[in-house]
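So you can see what is in the structure, the chains are spelled out below.
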Amino acid sequence: MKGEDHFKSVIGKSLVDGRLQSFYLKGELVDRINVTFLKIGDCWLRVVSTDEMTDVKIEEDAIDKIEFYGDNEFNYPIEPIDKYFPEFKKYIGKKLLDFKELVLKEAESLSFGINLYFEENLNWVIHNHDYPIDRNEYYFNNKIPEDLKEK
């Protein structure tokens with residue numbers, strides 16, 4: 001995983017907000033979860049898991065003020081996570097206690113997401129499915145796919 005130090009820097013801080021960036025091509029939804037943005041403490045983190053890599057960066061844009069990137073052909077709207085995943089609301093205000101990268105059991109160099117541990121025994125998994133599916137999914141019940149393990 002690239003950028004894990006960014007998650008380490010927000011351990012013990014509360015989740016304030018969450019946004020997701022979808023991808024539409026010519027008005028049709030291609031990918032609901034293209035990028036996940038998490039505001040933990042006063043820091044926005046940008047989480048992308050794709051192509052067997054999970055990348056975490058500090059988001060410099062005021063992501064809570066941006067409606068979309070792109071144009072009519074390639075459109076990337078940014079919306080609250082709870083608009084599509086109401087379960088997300090239960091994590092707001094909870095402190096991030098730890099995180100673990102999710103890797104392929106048979107090839108630990110291949111990253112397919114992250115498991116976030118919050119207070120009150122809450123877990124949230126951001127999982128990227130391998131090719132040919134190659135899409136992200138959220139699990140709000142500490143469900144780790146059978147082919148993956150925590151690193």
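Summarised in this report is the structure supplied together with it. (Residues numbered from 1 in each chain as written. Predicted model: local features only at pLDDT ≥ 70, side-chain atom pairs only at ≥ 80, totals over all residues. Heavy atoms only, no water.)

1. So, the environment of Lys90
As for its position among the elements, Lys90 is in the loop between strand S6 (74-80) and strand S7 (96-104). The spacing of Lys90 and Gln21 is 69 residues in sequence and 20 Å in space, taken between C-alpha atoms. The contact partners of Lys90, leaving out residues within four places of it in the chain, are Leu122 and Phe140. (Helix = DSSP H or I, 4+ residues; strand = E, 2+ residues; numbered from the N terminus. Contact = heavy atoms within 4.5 Å.)

2. What about the sheet that holds strand S4 (residues 53-58)?
Spatial strand order, S4-S3-S2-S1-S6-S5: six strands in an open sheet with antiparallel pairing. Only two strands of the sheet have a single neighbouring strand rather than two, namely S4 and strand S5 (68-70). Recorded for the sheet is a direction-independent mean angle of 20° between the axes of neighbouring strands. Inspection of the sheet shows strand S3 (residues 43-50) paired to S4 by six bridges, in the antiparallel sense. If you follow Val47 over to S4, its bridge partner there is Val56. (Pairing = 2+ DSSP bridges. Axes fitted to C-alpha atoms, helices over the stretch in contact; angles between N-to-C directions.)

3. What to know about the packing of aromatic side chains
When we look at a pair of aromatic rings, we describe it by the centre distance and by the angle of the planes. Tallying each qualifying case throughout the model produces 13 aromatic pairs. For the pair Tyr91 and Trp124, a centre-to-centre distance of 6.2 Å together with 40° between the ring planes defines the contact as tilted. Of this pair, Tyr91 sits in the loop between S6 and S7 while Trp124 sits in strand S9 (residues 122-128), placing them 33 residues apart in sequence. Like Tyr91, the residue Trp124 is buried in the burial classification. An aromatic cluster of three or more residues is present, and its members are Phe85, Phe88, Tyr91, Phe118, Trp124, Tyr138 and Phe140. Across from the ring centre of Tyr84, 3.7 Å away, lies the NZ or CZ of Arg32, which sits over that ring. (Phe/Tyr/Trp six-rings, centres within 6.5 Å; stacked < 30°, edge-to-face > 60°. Buried < 20%, exposed > 50% of the residue type's maximum accessible area, 1.4 Å probe, protein only. Lys NZ or Arg CZ within 6 Å of the ring centre and 35° of its normal.)

4. Brief notes about the nonpolar core
Counting 26 residues, the largest nonpolar core has Phe7, Leu38, Leu116, Trp124 and Tyr138 as the members making the most contacts within it. When residues of this core are traced back to their parent elements, those giving at least two are strand S1 (15-25), strand S2 (28-40), S3, S7, strand S8 (107-118) and S9. Beyond its immediate stretch of four places on either side in the chain, Trp124 contacts Thr36, Leu38, Ile81, Phe88, Tyr91, Ile114, Asn115, Leu116, Phe118, Tyr138, Tyr139 and Phe140. (Core = buried A, V, L, I, M, F, W, Y, C linked by side-chain atoms within 4.5 Å.)

5. Some remarks on the pattern of salt bridges
Applying the stated criterion to the full structure yields 11 salt bridges. Ionic pairing is found between Asp64 and Lys65, a salt bridge with its closest N-O pair at 3.7 Å. By relative accessible area, which is 65% here, Lys65 ends up exposed. (Salt bridge = Lys/Arg side-chain N within 4 Å of Asp/Glu carboxyl O.)

6. Some thoughts on the side chain of His129
Mapped onto the elements of the fold, His129 is located in the loop between S9 and strand S10 (136-139). The class of His129 is buried, set by a relative accessible area of 15%. For His129, the side chain forms a polar contact with the side chain of Glu137, separated by 2.5 Å. With residues up to four places along the chain from it excluded, the contact list for His129 reads Phe112, Asp134, Arg135, Glu137 and Tyr139. (Polar contact = N/O pair within 3.5 Å; in protein donor to acceptor, adjacent residues only side chain to side chain.)

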